[in-house]
Amino acid sequence: SGGREHAIAWKLSQSKKISRIFIGPGNAGTGEAGINLKINPEDFEEVKKAVSDNDIKMVVVGTEAPLAGGIHDYFLNHPHLKDVPVIGPVKNAARLEWSKDFAKSFMTRHGIPTASYRSFGKDEFDDALAYLASLTPPYVLKADGLAAGKGVLIISNYEQAASELREIMEGKFGKAGEKVLIEQFLDGIELSVFIITDGKSYKLLPSAKDYKRIGEGNRGLNTGGMGAISPPPFVDEVMMDKVTTRVIEPTLAQLKKDGIPYVGFIFLGMIEVNGEPFVIEYNTRMGDPETEVVLPLLKTDLVEVMEAVVEHRLDELTVEWHPDTAVCVVMTSPGYPGSYPTGLPIQGLPTPFGESRVAVFHAGTKRESGRVVTAGGRVLAVTAWGPSLLDARAQVYQAVPSILFEGRHYRTDIAHRAFPHKI
Ligand code: AMP
Ligand code: GLY
């Protein structure tokens, strides 16, 4: 039901290979790309019913929660579903995302560069505090499990870090915080790298940069993402070669060696420190809003790519990309990332995009008595693409101001520096 899912549905809808697309639960935008189904993707019985009722032939999982819940395993273990391929890893492989402790020990065991860390159980507060005291600020605290993007805290003050540590251990993030990781802080430029794999071989997608903070100059609270660019101008071949040989290839080789089958996307949250890549985290799905800048660049039919993945013949397919740059600006509800009102009517939405190089992907929207209204914190992800970063940026900032809803907010500085250090 987010911008990522709208972008996936939009790209799939351009394929000549499929007749119908269903989105569960979807939003006002996905309703233009296909048919929205009123289902909860975490309720596998509902998903099963939707698949049989509509004769669905392939399932693409957008977000992490159903993967962590084992949706792929559920399909494999069910006689009527086992022949319906799922794009997204089985639960044991999705663990790379749903357990940060697992991901860190996987990386450490296999020599994949990442920040040094230690993890502590909820009754090891004293040890955790002693480790915290041995580090220099800022302090990085992470809940082990999925915490809806809120489980990472970066704090410069020791007393405050210690008190947050206690709160996490006392259940601030529920079960996700039963283990806590304390990590060395890495100071550098963040970068999102994506691959899609069939378990045998993989294809690299264009990399992206996510703008995380609510305000200009990358100030203020952390959000789900306020904008993105792809590919970022500061990522060169040397860096991508390092990421490939030090991170991607060892990750896939070790998954194979550990007997963990993997089908789907891997999103590497990276940080570049003095020209060296480190992994911050693995995600076992695409990013949001990164998908909204990566998929418009795909030239090859996305359904062909996905078929090659589920048939384990990705190595035979050439995947082509437009040599363009894409820029996305996210429009948010007043108050986000804090509490915000919903149900605000949205005006000025362009009619479906056709051949245009601007796409308005819906995130938190719904249709209510014929009108499109806000229904979430991140409301719209407006993307433009063109032969240069400047061209895409000019187009996106031409499109955004004409889309109106009460109290709308967006950053005016997305893609405003060629080398957006830490932005
Ligand atoms: P999230 O997307 O909620 O997982 O946020 C994680 C964010 O925390 C990353 O995008 C980084 O900005 C930051 N972060 C995580 N780990 C570290 C680290 N070891 N050093 C510096 N920043 C980090
Ligand atoms: N944009 C970051 C994420 O999708 O996790």
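Everything that follows concerns the structure shown earlier in this document.
Note that the structure is a prediction, hence the values are computed from the model and not measured.

S.K.: Quick rundown of the overall build of the chain? Include the residues and the values.
M.R.: Across its full length, the chain holds 13 helices and 21 strands. Against the compact-globule benchmark of 22 Å for 423 residues, the chain has a radius of gyration of 21 Å, which places it among compact chains. On the principal axes, the C-alpha backbone points of the chain span a range of 60 × 50 × 45 Å. Residues counted as buried form 57% of the 423 residues belonging to the chain.

S.K.: So, the pattern of salt bridges: which residues are in play, and what are the values?
M.R.: Oppositely charged side chains are able to pair whenever their charged atoms sit close together. Throughout the structure, instances matching the rule amount to 25 salt bridges. The closest approach of N and O atoms between K175 and E178, which form a salt bridge, is 4.0 Å. The exposed category is assigned to K175, whose relative accessible area is 67%. Each of E64, E97 and R285 takes part in salt bridges that share partners, so that together they form one network.

S.K.: Break down the site of ligand 1 for me, citing the residues and quoting the values.
M.R.: Neighbouring ligand 1 are 14 residues; E183, Q184, L186, E190 and K212 lie closest to it. Between Q184 and ligand 1, the recorded distance is 2.9 Å, taken from a backbone N or O atom to a nitrogen atom. For ligand 1, an oxygen atom lies 3.1 Å from a polar atom in the side chain of E281. Relative to its unbound accessible area of 500 Å², ligand 1 is 88% covered by the protein chains. Across the shell around ligand 1, the residue classes break down as 7 nonpolar, 2 polar and 5 charged.

S.K.: How would you explain the packing of aromatic side chains if you had to name every residue and give the values?
M.R.: All chains considered together, the criterion is met by 10 aromatic pairs. Here the aromatic rings of F44 and Y74 are separated by 5.4 Å at their centres, their planes lie at 55 degrees, and the arrangement is tilted. Of the two residues, F44 is situated in helix α3 (residues 44-54) and Y74 in helix α5 (residues 71-76); the sequence distance between them amounts to 30 residues. The pair formed by F44 and Y74 is uniform in burial state, with each residue classed as buried. Consider the rings of F194 and F267, whose centres lie 4.9 Å apart with planes at 55 degrees: the pair is tilted. Taken as a pair, F194 in strand β9 (residues 189-197) and F267 in strand β15 (residues 264-273) lie far apart in primary sequence, 73 residues in all.

S.K.: Can you explain the nonpolar core? Please cite residues and give values.
M.R.: Within the largest apolar cluster, 40 residues are counted, with the highest numbers of intra-cluster contacts made by L12, F194, I196, L205, F265 and L314. Elements represented by at least two residues in this core include exactly α1 (3-13), β9, β15, α11 (290-294), α12 (302-310), β17 (325-332), β18 (358-362) and β21 (378-386). Among the elements that make up this core, the one with the highest residue count is α12 (7 residues). If you look at the next biggest cluster of nonpolar residues, it comprises 28 residues, including L96, L255, I260 and I266.

S.K.: An account of the sheet that holds strand β16 (residues 276-283) is needed here, citing residue identities and associated values.
M.R.: Sheet architecture is open: 4 strands sit in the order β10-β9-β15-β16, paired in antiparallel fashion. Both outer strands of the open sheet, β10 (202-204) and β16, are each paired with one neighbouring strand and no more. Adjacent strand axes in the sheet meet at a mean angle of 30 degrees when their direction is disregarded. Inspection of the sheet shows β15 paired to β16 by 7 bridges, in the antiparallel sense. Within the sheet, the bridge partner assigned to F267 lies in β16 and is N283.

S.K.: Before we move on, can you summarise the site of ligand 2 with the specific residues and values?
M.R.: Taken together, D210, K212, G224, F267, R285, G287, D288, P289 and E290 make up the full set of residues adjacent to ligand 2. Here a nitrogen atom of ligand 2 sits 2.8 Å away from a polar atom, N or O, in the side chain of D210. A distance of 2.9 Å is found between an oxygen atom of ligand 2 and a backbone nitrogen or oxygen belonging to D288. The protein chains hide 86% of the 190 Å² of surface that ligand 2 would expose on its own. The residue inventory of the shell around ligand 2, partitioned by class, reads 2 nonpolar, 2 polar and 5 charged.

S.K.: With reference to specific residues and values, describe the packing of helix α6 (residues 91-98) against helix α7 (residues 100-109).
M.R.: Where α6 meets α7, the closest approach of the two axes is 6 Å, and the angle between their N-to-C directions is 95 degrees. Here α6 is positioned roughly perpendicular relative to α7, judged by the angle of their axes. Listed contacts from α7 to R95, L96, E97 and W98 of α6 are K100, F102, A103 and F106. For the contact of α6 with α7, the per-class residue count stands at 5 nonpolar, no polar and 3 charged.

Definitions and cut-offs
- Per chain, residue numbering runs from 1 following the sequence as it is written.
- A letter from A marks each chain and a number from 1 marks each ligand, given out in the order of writing.
- Totals for whole chains, interfaces and linings use every residue, but because this is a predicted model, local features are given only for residues with pLDDT of at least 70 and side-chain atom pairs only at 80 or more, for both listing and counting.
- Water and hydrogen atoms were dropped before computing side-chain values, which therefore reflect all heavy atoms in the structure.
- Numbering goes from the N terminus for both helices and strands, where a helix is a DSSP run of H or I of at least four residues and a strand is a run of E of at least two.
- Atoms counted for the radius of gyration: C-alpha only. Globule rule: 2.2 Å times the number of residues to the power 0.38.
- Categorising residues by exposure relies on relative accessible area from a 1.4 Å probe, with only protein chains included: less than 20% of the type maximum marks a residue as buried, more than 50% marks it as exposed, and the intermediate range marks it as partly exposed.
- Salt-bridge detection follows one rule: a side-chain nitrogen of Lys or Arg within 4 Å of a carboxyl oxygen of Asp or Glu.
- Any residue with a heavy atom lying within 4 Å of a molecule or strand is counted as near it.
- Any N or O atom pair separated by 3.5 Å or less is treated as a polar contact, with the protein-specific requirement of one donor-capable and one acceptor-capable atom, and with residues adjacent in sequence counted only for side-chain atom pairs.
- Note on areas: Shrake-Rupley with a 1.4 Å probe; residue coverage comes only from the protein chains shown.
- Gly falls in the polar group here, along with every residue not listed as nonpolar (Ala, Val, Leu, Ile, Met, Phe, Trp, Tyr, Cys, Pro) or charged (Asp, Glu, Lys, Arg).
- Only Phe, Tyr and Trp rings take part, Trp by its six-membered ring, and two of them pair if their centres are within 6.5 Å. Stacked means planes under 30 degrees apart, edge-to-face means over 60, and tilted covers everything else.
- Side-chain atoms within 4.5 Å are what join buried Ala, Val, Leu, Ile, Met, Phe, Trp, Tyr and Cys residues into a set we call a nonpolar core.
- For two strands to pair, DSSP has to find at least two bridges joining them.
- Whenever a helix is involved, its axis is fitted only over the stretch in contact; in every case the axis is a line through C-alpha atoms, and angles between N-to-C directions fall within 0 to 180 degrees.
- For classification purposes, an angle smaller than 35 degrees is called roughly parallel, one larger than 145 roughly antiparallel, one from 65 to 115 roughly perpendicular, and anything else oblique.
- Contacts are residue-level and defined by heavy atoms, with any inter-residue pair within 4.5 Å sufficient.

Limitation: the analysis is restricted to geometry and does not speak to function.
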